Amino acid sequence: MMADTDAGRAAGAAREPQAGVYWFGGDARWQPPGDGAPLTRTVHADVCVVGGGFSGLWTAYWLKRLDPGADVVLLEREFCGAGASGRNGGWVNGWEDSIGALVSRFGAESAAWLLEASMGGAEVIREAVREGGIDCDLAFEGALIVALSQAQLDGLRDLPRAAEAIGRGELLKVLSAAEAQEACGSPRAVGGLLLTRAGSVQPALLVQGLRRLAVEAGVRVFEASPMTNLQRGLPAIVETPAGTVVADQVVLTCGPWLAGLRELRRTLFIIPSHVVATAPAPAALDAMGWRRGRPFADARTAVHYGQRTGDDRLVFGRGGGRLGYAGRIVPAHFHDEPEIAEIVSDLRELLPGSRQLAIEWQWGGPVERTQHGTPWVGALGRHGNIHYGTGFAGNGVCPTQLIGRTLASVALGLDDEYAASPLVSEPPSYLPPEPVRSLGARAVRAAINRCEEKADKGLAPDPLSRLVSRGLDFSMPAKIRLPGRS
Ligand SMILES: Cc1cc2nc3c(=O)[nH]c(=O)nc-3n(C[C@H](O)[C@H](O)[C@H](O)COP(=O)(O)OP(=O)(O)OC[C@H]3O[C@@H](n4cnc5c(N)ncnc54)[C@H](O)[C@@H]3O)c2cc1C
C-alpha cells in the first residue's frame, strides 16, 4: 500500500506523462540560458571547443584554470546540456565498477592510475560545486548495483576481488540479498554491491553551473551555433551557419555527434537510453529504502538505473533501443514510445513499491559506445591541432571531468601525466562498415537479451546465444582500414 501522503499524485489520478526532460522542464531551478546568443561574425581564439556538454564545459574549465590568459570560445549546436549531459540518470561514479576490465586492457599500473584519476573527477565536481555555489543536489551516499538473478550475481563476483588485488577493496562493499532488498525495495534482489564513494546529481543543474563558471572565467559561449564544417588547417577554421571561428587549437566534444565525422564514423555505435520520472512520492520511496545521493542500477547489459531526486521523485531508466545506422542520431534516440512503455513495465515489475506512482516525465538521449567501454582522447588531421574526446559508453557524468582535463592538457601542449596517460590514443578499434556493423550489433544484442531473459527465470541460456553474446568481437584492428566511403 502506498502511504497517504503520496496519494494525491498516484497513478490513475495522474496527469498524462510529459514527453520532455524532467531535469529541464520540471525543476524550476533550471533556466533556459539567456546570454548564449549565436555566433554571427568571424572571431579568433586560442582554443575553440565544439560541444557544450560536460566534456566541453570541463575542457573549458580546465583551459582557464591551467592558462587563465587563454582565449577560449565554446560553440554549442543547441544549448549547453541539450545532449546526454542534461538528460542522464545522474549517477556520479568513476571506474570502480570496471577495475577488472581496466587491468586486463591497460595493465595493473595504468589501471590503478586510471581508477584514481576517474574517481578524482568526483572530488573535482564536489569542489567546483562548492566553490561555484552550484545548487545541483550533488550527494555521495554510495551507489547500489543490485543483482536481480543468480547470473547477475555471478557477473558481479569478480569485482571485489579485482579491487582488492590493487589494494582498493574498500571501494566496493558486498551486499547480501536481504541488504540489497532493503536498500532498493526489489524482492527480486539476490545480492549486490555498494560503490562506497559514488553518488548522484541533478545533471542539468550541474551543466548550468559549469556553463556559468565558464562564462565567469571569460569563455565566450555561443549557443544555437552548430559547427557545419571544419577546415583542418593551421589555424583551423570552424564554420557555423552565420559565423566562423579561426582557432590555433580545436577541441571536439560533440558526444555521439562525433560519429558524423569521417575519421570517427567507424569507431562508435550510437544507442539511446530512456528515462521516466514519477510524481514526488517521499513516503513510498522511504518505504522502498531509496535514499537521495545513493543511486540504483542492476547488473544487466541493458542496464536499469535510477535515483531519488531532490524533490523525491523516482527517476528510472534503461540503456538500449534503436541503433543509429552508420552512426546517425535519429528522433527515436530522444523519444521512443515502445521503449518507454517497456521501461515502465520493467519498473513496475522490479520495484513493486512503484506500482502506484504516476509517471510524469519521459525522455531519452543518445549515447556513443565502443566495444571497449573506455573513452579516449585522439587527434584529427595532419597538424595535431584538432583534438577530440569520446566513447563514454553510458558512464560519463564523472569521467567527462577526466577527459576534459586531458583535452585541456593536450590543447595547451602540456607535458603532464594527463597528456601522457593511456587515454590519449588512437581509436581503440574500428567497426565494420554498414550494413555488417548494424547486423552484427543486432545479433549480439538479441543474444544478450535472450541470455538475460533466461537468467531472469533462473534458466540456462542456449549455447548459441551464450556464444554470440560473449564471444563475438566484431571490431577490427585499428591498422586494418577498409576503403572509406567518406
Ligand atoms: C538517458 C541517459 C542516461 C545516462 N545516465 C548516465 C548516468 O546516470 N551516469 C553517467 O555517468 N552517465 C550517464 N549517461 C551518459 C552521460 O550522460 C554522457 O556520457 C555524458 O553526458 C557525455 O557528455 P559529453 O559532453 O561528452 O556529450 P553530450 O552531453 O552529448 O554533449 C555533446 C554536445 O555537443 C553538441 N553538439 C553536437 N554536435 C555539434 C556541432 N556540430 N556543433 C556544436 N555543438 C555540437 C550537442 O548538442 C551536445 O550538447 C547517460 C546518458 C543518457 C543519454
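Q: It is not clear to me how the overall build of the chain should be interpreted in this structure. Could you clarify?
A: Check the secondary structure of the chain and you find 13 helices and 19 strands. Overall, the chain is about 65 × 50 × 45 Å in size when its C-alpha atoms are taken along their principal axes. Counting all 486 residues of the chain, 56% fall into the buried class. Across the chain, every contact between residues at least 6 apart in sequence was considered, and the portion connecting residues at least 24 apart equals 77%. Charge separation in the chain, taken as the distance between the mean sites of 49 positive and 53 negative side-chain charges, equals 5 Å.

Q: How do you make sense of the side chain of Arg-294 when you look at a structure like this?
A: Mapped onto the elements, Arg-294 comes out in the loop between helix H9 (282-288) and strand S14 (296-298). Here Arg-294 sits buried without a salt bridge, and the closest side chain of opposite charge, Glu-141, lies 7.0 Å off (N-O distance). Not counting residues up to four positions away in its chain, the partners in contact with Arg-294 are Glu-141, Gly-142, Ala-143, Leu-144, Ala-183, Leu-194, Ser-200 and Gly-289.

Q: I keep staring at the site of the ligand and nothing clicks. Help me out?
A: Among the 36 residues in the neighbourhood of the ligand, the closest are listed as Ser-55, Glu-76, Ser-85, Met-227 and Val-397. Within the side chain of Asn-88, a nitrogen or oxygen atom sits 3.2 Å from an oxygen atom of the ligand. Here a nitrogen atom of the ligand and a backbone polar atom of Gly-394 are 3.0 Å apart. Within the complex, the protein chains bury 97% of what would otherwise be the 1000 Å² of accessible surface of the ligand. Where the shell around the ligand is concerned, the elements lending two or more residues are helix H2 (54-66), strand S13 (269-278) and strand S17 (359-369). Broken down by element, the residue count for the shell around the ligand peaks at 3 residues, all from S17. Looking at side-chain class alone, the shell around the ligand contains 16 nonpolar, 17 polar and 3 charged residues.

Q: Can you help me understand the pattern of salt bridges in this one?
A: Side-chain pairs of opposite charge can arise whenever the charged atoms involved come near each other. Taken as a whole, this structure holds 28 salt bridges when the rule is applied. For the salt bridge of Arg-29 with Asp-27, the shortest nitrogen-to-oxygen distance reads 2.8 Å. Among the residues examined, Asp-27 registers a relative accessible area of 8% and is labelled buried. For Glu-349, the salt bridge is made with Arg-188, and the minimal N-O distance between the two is 2.8 Å. Note that Glu-349 is positioned in helix H10 (residues 337-350) and Arg-188 in the loop between helix H7 (177-184) and strand S7 (191-195), a separation of 161 residues in sequence. Taking relative accessible area as the criterion, Arg-188 reaches 21% and is therefore assigned partly exposed. Salt bridges sharing partners connect three or more residues here, namely Asp-27, Arg-29, Asp-135 and Asp-137.

Q: Can you help me understand helix H3 (residues 99-106) in this one?
A: Within H3, the full set of buried residues consists of Ile-99, Leu-102 and Phe-106. An end-on view of H3 places all buried positions within 60° of arc, on one side of the element. At the C-terminal side of H3, Gly-107 shows a positive phi close to 90°.

Q: When you look at the confidence of the model for the chain in this model, what are you seeing that I'm missing?
A: When pLDDT drops low, the exact placement of atoms in the prediction is not to be read closely. A residue-level look at the chain finds 92% of positions with pLDDT of 70 or above and a mean pLDDT of 91. A low-confidence stretch, residues 476-486 stays under pLDDT 50, and its non-local contacts, those more than four residues away or across chains, total 19 contacts.

Q: What's the story with the pairing of strand S5 (residues 143-147) in this structure? I'm lost.
A: Consecutive side chains of a regular strand alternate in pointing toward one face of the sheet and then the other. With 5 of 5 residues buried, S5 lies mostly within the body of the structure. On S5, burial covers both faces: Ala-143, Ile-145 and Ala-147 on one face and Leu-144 and Val-146 on the other are all buried. Strand direction decides the pairing type here: S5 and S7, joined by 5 bridges, are antiparallel. Among the inter-strand pairings, Val-146 is bridged to a residue of S7, identified as Gly-192.

Q: Could you clarify how one ought to interpret the packing of H3 against helix H4 (residues 108-132) in this entry?
A: Relative placement of two packed helices is described by the angle separating their axes and the distance separating the axes. Following both chains from N to C, one finds H3 and H4 inclined at 135°, their axes separated by 7 Å at the closest point. Taken together, the axes of H3 and H4 lie oblique to each other. Judged by the twist between their axes, the crossing of H3 over H4 is right-handed. Across from Ile-99, Leu-102, Val-103 and Phe-106 in H3, the residues of H4 making contact are Ala-108, Ser-110, Ala-111, Leu-114 and Leu-115. Here the residues of the contact of H3 with H4 are counted per class, giving 8 nonpolar, 1 polar and no charged.

Q: Help me understand unusual backbone geometry, please; the structure alone is not making it clear to me.
A: With the exception of glycine, most residues fall at negative phi, and the peptide bonds are largely trans. Omega for the bond connecting Leu-234 with Pro-235 falls within 30 degrees of zero, at 0°, which places this linkage in the cis form. Topologically, Pro-235 is positioned in the loop between strand S10 (229-231) and strand S11 (236-239). Residues Glu-434 and Pro-435 are joined by a peptide bond in cis, for which omega reads 5°. The phi dihedral of Asp-137 is positive, around 55°, even though this residue is not glycine. Relative to the assigned elements, Asp-137 resides in the loop between H4 and S5.

Q: Got a minute to help me understand the side chain of Ser-85 in this structure?
A: By the element assignment, Ser-85 lies in the loop between strand S3 (72-75) and strand S4 (91-92). Among the polar contacts listed, one links the side chain of Ser-85 to the backbone nitrogen of Phe-54, at a separation of 2.8 Å. In contact with Ser-85, other than residues within four places in its own chain, are Gly-53, Phe-54, Pro-203, Ala-204 and Val-207.

Q: Help me understand the environment of Gln-181, please; the structure alone is not making it clear to me.
A: Mapped onto the fold, Gln-181 is located in helix H7. Classification of Gln-181 by relative accessible area gives partly exposed; the value is 31%. With 34 residues separating them along the chain, Gln-181 and Ala-147 place their C-alpha atoms 10.0 Å apart. In this view, Gln-181 contacts Ser-186, Pro-187 and Ala-189; residues no more than four positions away in its chain are not counted.

Analysis parameters
All residue numbers refer to position in the chain's written sequence, counted from 1. Confidence filtering applies because this is a predicted model: local features only for residues at pLDDT of at least 70, side-chain atom pairs given and counted only at 80 or more, and all residues used for totals across whole chains, interfaces and linings. To obtain the side-chain values, all non-hydrogen atoms of the structure were used and water was disregarded. Numbering of helices and strands runs from the N terminus, with a helix taken as a DSSP run of H or I at least four residues long and a strand as a DSSP run of E at least two residues long. When a residue's accessible area, from a 1.4 Å probe over protein chains only, is under 20% of the maximum for its type it is buried; when over 50% it is exposed; and in between it is partly exposed. Note on contacts: a residue pair is in contact if any heavy atoms of the two residues lie within 4.5 Å. For the charge count, each Lys or Arg is scored as positive and each Asp or Glu as negative, with His and the chain ends excluded. Where a charge lies is defined by one atom per residue type: Lys uses NZ, Arg uses CZ, Asp uses CG and Glu uses CD. We define a salt bridge as a side-chain nitrogen of Lys or Arg found within 4 Å of a carboxyl oxygen belonging to Asp or Glu. Consider each residue's heavy atoms; a residue with any of them within 4 Å of a molecule or strand counts as near. Between N or O atoms, a polar contact is any pair within 3.5 Å; within protein, one atom must be a potential hydrogen donor and the other a potential acceptor, and residues adjacent in sequence are included only when both atoms are from side chains. Under the convention used here, a 1.4 Å probe and the Shrake-Rupley method define accessible areas, while residue burial counts only the protein chains that appear. Each residue gets one label: Ala, Val, Leu, Ile, Met, Phe, Trp, Tyr, Cys and Pro are nonpolar, Asp, Glu, Lys and Arg are charged, and the others, such as Gly, are polar. Regarding the arc, it is the one traced by the directions from the helix axis to the C-beta atoms. Per-residue confidence from the predictor is given as pLDDT, running between 0 and 100. DSSP calls a pair of strands paired once it identifies at least 2 bridges connecting them. Interaxial angle, 0 to 180 degrees, is taken between N-to-C directions of lines fitted to C-alpha atoms, where a helix line uses only the stretch in contact. Angular relationships are summarised with four words: roughly parallel below 35 degrees, roughly antiparallel beyond 145, roughly perpendicular across 65 to 115, and oblique for the angles in between. Each crossing is labelled by how the near helix is turned from the far one, with a counterclockwise turn of less than a right angle marking it left-handed and a clockwise turn marking it right-handed.

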